[in-house]
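Residues per chain are reported as follows:
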Amino acid sequence: MTAAPGGALLVVGDVVTDVVARHRGPLAAGTDTAASVRRLPGGAGANVACWAAHGGCGDVRLLGRVGTDASDWHERELTACGVRPLLVVDAAAPTGTVICLVDTGAAAERTFLTDSGASLRIGPDDWSDTLLDGVGRLHLSGYLLFSEPGRALVSAALASARARRVPVSLDPASAGFLAELGVGRFLGLVEGVDVLLPSRDEACLLTGLPDAADAAAKLSRHVPLVVAKLGADGALVARSGAVSARVAAVAASPRDSTGAGDAFTGAFLAALLTGAEPEEAAAAGCRAGARAVERVGGRPPRAIGRRPVDG
């Protein structure tokens, strides 16, 4: 499915609180490890929305579920990034929390400890067809697929988007959770998605192939457009069973790789909405990913003087 340029971007996905602990060298079991610890807004879906707004998309909306403990803070943080928050406040579960352990060595690799909290409870009752009014593209966070209510929401959103001819993208989100869900089940759940944006590990896991290019090509037989994110190796664009473009990475000095894939996805979608071809959009994604790894946390810098989002 293709769409004319323009329209809003609606992101459906997770909004969580990140606790980022940056340490140098291995963790010292049974004792203290010195670290710099910060509390930051996060969540793959929320990060994608913020990077899309940062990338120039003038109307970005986010449907997510948070607890009463941090709903006001998350709403303010999203609004400050130029995103229109459509947050469902859950009185029975706290906002999800992710502990991000970041090694401050050269690669700035990170390990996540995830308590999804209220994000796991987002479901079809939180969906309405009217959410697609004025929307040019719908993006679904893969984290939705890791709970039963989330899977039902994905099904409802895909049906609504097909009825309105709104193209849909999805980021698989987590190789670890994907392995638990199962490859066959995942591919069945994403039937009808127009764009798939896996990482290298996710693409290889979903196909059983060790080479990212082979994996992206194979996935593009299931999904019309596959854009594989390869970090320091750039990105691959694949269609109809073949890689059609290799996009070079942008040099960066990594501090924290948290949210780099979300930055790529947000910038990529913002570019598509302006009418860019997928290869151009992937280049924009690589530029955003490079900026993201040079920052602590998963969000872009706020624009100076940004006005609040209306309504």
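Remember, predicted model here, so these are calculated numbers, not experimental data. Here the residue numbers are simple positions, counted from 1 along each chain's written sequence. Whole-chain, interface and lining totals are the exception, using all residues; otherwise, since this is a predicted model, local features are given only for residues with pLDDT of at least 70 and side-chain atom pairs are given and counted only at 80 or more. The basis for every side-chain value is the complete set of heavy atoms in the structure, and neither hydrogens nor water enter the calculation.

**Re the overall build of the protein chain**
Logical step 1: Along the backbone of the protein chain there are nine helices and 13 strands.
Logical step 2: Whereas a compact globule of 311 residues would reach a radius of gyration of roughly 19 Å, the protein chain reaches 18 Å, a difference of no more than 12%.
Logical step 3: Oriented by its inertia axes, the alpha-carbon framework of the protein chain measures out at about 55 × 45 × 40 Å.
Logical step 4: Summarising the internal contacts of the protein chain: among those between residues at least 6 apart in sequence, 71% fall at separations of at least 24.
Logical step 5: To measure how exposed things are, a 1.4 Å probe is used in the Shrake-Rupley method; for residues, cover is taken only from the protein chains shown. With the model as given, the accessible surface of the protein chain reaches about 13,000 Å², and the carbon-plus-sulfur share is 50%. Secondary structure is summarised from DSSP: a helix means a run of H or I of at least four residues, a strand means a run of E of at least two, and numbering begins at the N terminus for each. When we talk radius of gyration, it's over C-alpha atoms, and the globule rule is simply 2.2 Å times the number of residues to the 0.38. Contacts: residue pairs with any heavy atoms within 4.5 Å of one another.

**Quick notes on the pattern of salt bridges**
Close approach of charged atoms allows side chains with opposite charge to pair.
Logical step 1: Any carboxyl oxygen of Asp or Glu within 4 Å of a side-chain nitrogen of Lys or Arg constitutes a salt bridge here. According to the stated counting rule, one finds 10 salt bridges in the structure shown.
Logical step 2: Salt-bridge contacts for D90 lead to R65; the nearest nitrogen and oxygen are separated by 2.9 Å. Pair noted here: D90 is in strand 5 (residues 83-90) and R65 is in strand 4 (residues 60-67), with a separation of 25 residues, a long-range link.
Logical step 3: Think of it in three bands: with a 1.4 Å probe and only protein chains considered, a residue is buried below 20% of the maximum accessible area for its type, exposed above 50%, and partly exposed in between. The exposure class of D90 is buried, given its relative accessible area of 2%.

**A look at the confidence of the model for the protein chain**
Logical step 1: Per-residue confidence from the predictor is given as pLDDT, running between 0 and 100. Per-residue pLDDT for the protein chain has a mean of 92; in total, 94% of the residues score no lower than 70.
Logical step 2: Below pLDDT 50 for its whole length, residues 304-311 participates in 13 contacts with residues either more than four positions away or in separate chains.

**What about the packing of aromatic side chains?**
Logical step 1: Here a Phe, Tyr or Trp ring, Trp counted by its six-membered ring, pairs with any other such ring whose centre lies within 6.5 Å, and the pair is stacked when the planes are under 30 degrees apart, edge-to-face when over 60, and tilted otherwise. Taken as a whole, this structure holds four aromatic pairs when the rule is applied.
Logical step 2: Considering the side-chain rings of Y143 and F146, the 6.0 Å spacing of their centres and the 80° angle between planes classify their relative orientation as edge-to-face.
Logical step 3: Exposure remark for F146: the relative accessible area of 19% places this residue in the buried category.
Logical step 4: Ring plane angle 80° and centroid distance 6.1 Å describe the contact between Y143 and F177, whose orientation is recorded as edge-to-face. Remark: F177 occurs in helix 4 (residues 175-181) and Y143 occurs in the loop between strand 8 (135-141) and helix 3 (148-164); sequence separation between them is 34 residues.
Logical step 5: Y143 gets classed as partly exposed once you look at its relative accessible area, which sits at 23%.
Logical step 6: The aromatic ring of W73 is capped on one face by R39, whose charged end is 3.8 Å from the ring centroid. Over a ring means this: the NZ of a Lys or the CZ of an Arg is within 6 Å of the ring centre and within 35 degrees of the ring normal.

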